[in-house]
Amino acid sequence: MKTIEIDDELYQYIAGQTQKIGESASEILRRLLLGDDTKPALATPEETVSTPATPISSSIFDLINKQDLPAESSVVGRFLFILSALARAHKKQFTKVLEIKGRNRLYFGRSAEELSEAGSSTNPKQIPNTEFWVITNSNTTRKKMMLTETAIKLGYSEQDAERIRDLL
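Residues numbered from 1 in each chain as written. Predicted model: local features only at pLDDT ≥ 70, side-chain atom pairs only at ≥ 80, totals over all residues. Heavy atoms only, no water.

**Q** Any details on the nonpolar core? Residues and values, ideally.
**A** Formed by 34 residues in total, the largest nonpolar core has its most connected members in Ile60, Ile82, Leu86 and Phe108. Breaking this core down by element, the ones donating at least two residues are helix H1 (8-16), helix H4 (75-89), strand E3 (133-135), helix H6 (140-153) and helix H7 (158-167). Of all the elements, H4 adds the most residues to this core, at 8 residues. In this structure isoleucine 60 touches Ile82, Ala85, Leu86, Ala89, Tyr156 and Ile164, once residues within four positions along its chain are discounted. (Core = buried A, V, L, I, M, F, W, Y, C linked by side-chain atoms within 4.5 Å. Buried < 20%, exposed > 50% of the residue type's maximum accessible area, 1.4 Å probe, protein only. Helix = DSSP H or I, 4+ residues; strand = E, 2+ residues; numbered from the N terminus. Contact = heavy atoms within 4.5 Å.)

Below is the structure:
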């Protein structure tokens, strides 16, 4: 096995293509680049007819590979990675994050300009693979609170929201 270095944006993209728990970067790249889904070559007619299509995941816990989190060396990197996974799991509902605000500032927006206009030193970053932006200059405690509120808005229980927060 060889080791390669890739930039953070490319890593976020690869991680965003995860389809099952524990899927390695090699498996993801093999699937994306070579079209190798490791499916059996031939399916019997019964399998073809009776096997329902796998639904798209609706839980972040099905998307996040816990082995990938330590690879994100910064809190901001992990924060963006978790938000990206939440956005993938809840594409239609993710606009609810726009309702999450502080007393005097926006936390989420649809552009860097929108967040910059709403406060000073916001350091907005785009949530990978989405049209949404988030402020990143807040402390880790505030980022954890933002993750918790995001999870609650997306319908997670308090307990699961805490599990998501603790991924940071």
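**Q** Please set out the layout of surface pockets residue by residue, giving values where relevant.
**A** By volume, the largest pocket amounts to about 900 Å³. Together, 33 residues line the largest pocket, and Ile6, Asp7, Asp8, Tyr11 and Gln12 are the ones closest to its centre. For the lining of the largest pocket, the secondary structure elements donating two or more residues are H1, helix H2 (25-34), H4 and strand E2 (124-126). The biggest single contributor to the lining of the largest pocket is H1, with 6 residues. Residues that form the lining of the largest pocket fall into these classes: 13 nonpolar, 11 polar and 9 charged. (1 Å grid on protein atoms, 1.4 Å probe; cavity = no way out; pocket = protein on both sides within 12 Å on 5 of 7 lines; lining within 4 Å. Points joined across faces, edges and corners; volume = space filled by probe spheres on them. Nonpolar A, V, L, I, M, F, W, Y, C, P; charged D, E, K, R; others polar.)

**Q** Quick one: what's the story with empty space enclosed by the protein, residue by residue and with numbers?
**A** Using the criterion set out here, one finds 1 cavity of 30 Å³ or more in the structure. Forming the boundary of the largest cavity are Tyr11, Ile14, Ala15, Ser24, Ala25, Ile28 and Asp68. Among the secondary structure elements, those contributing two or more residues to the lining of the largest cavity are H1 and H2. Considering each element in turn, the lining of the largest cavity owes the most residues, 3 residues, to H1. A class-by-class count of the residues in the lining of the largest cavity yields 5 nonpolar, 1 polar and 1 charged.

**Q** I'd like a rundown of a nonpolar patch on the surface, residues and numbers included.
**A** Taken together, Ile4, Ile6, Leu10, Tyr13, Leu32, Leu33 and Leu34 make up a surface patch of nonpolar side chains, about 700 Å² in accessible area. Of all the secondary structure elements, the ones that give two or more residues to the nonpolar patch are H1 and H2. In terms of residues, the nonpolar patch owes the most to one element, H2, which gives 3 residues. Mapped onto the secondary structure, leucine 34 falls in helix H2. Residue class for leucine 34 comes out exposed when judged on its relative accessible area of 62%. (Patch = residues over 30% accessible without salt bridge, like charges linked within 9 Å, V, L, I, M, F, W, Y side chains within 5 Å. Areas by Shrake-Rupley, 256 points an atom, 1.4 Å probe, with all protein chains shown as cover. Salt bridge = Lys/Arg side-chain N within 4 Å of Asp/Glu carboxyl O.)

**Q** Give me the packing of H4 against H6: which residues, what numbers.
**A** Taken N-terminus to C-terminus, the directions of H4 and H6 make an angle of 5 degrees; their axes are 11 Å apart at the nearest point. Judged on the interaxial angle alone, H6 and H4 are roughly parallel. Of H6, the residues touching H4 (which contributes Val75, Val76, Phe79, Ile82, Leu83 and Leu86) are Thr140, Lys143, Met146, Leu147 and Thr150. In the contact of H4 with H6, the residues fall into 8 nonpolar, 2 polar and 1 charged. (Axes fitted to C-alpha atoms, helices over the stretch in contact; angles between N-to-C directions. Parallel < 35°, antiparallel > 145°, perpendicular 65-115°, else oblique.)

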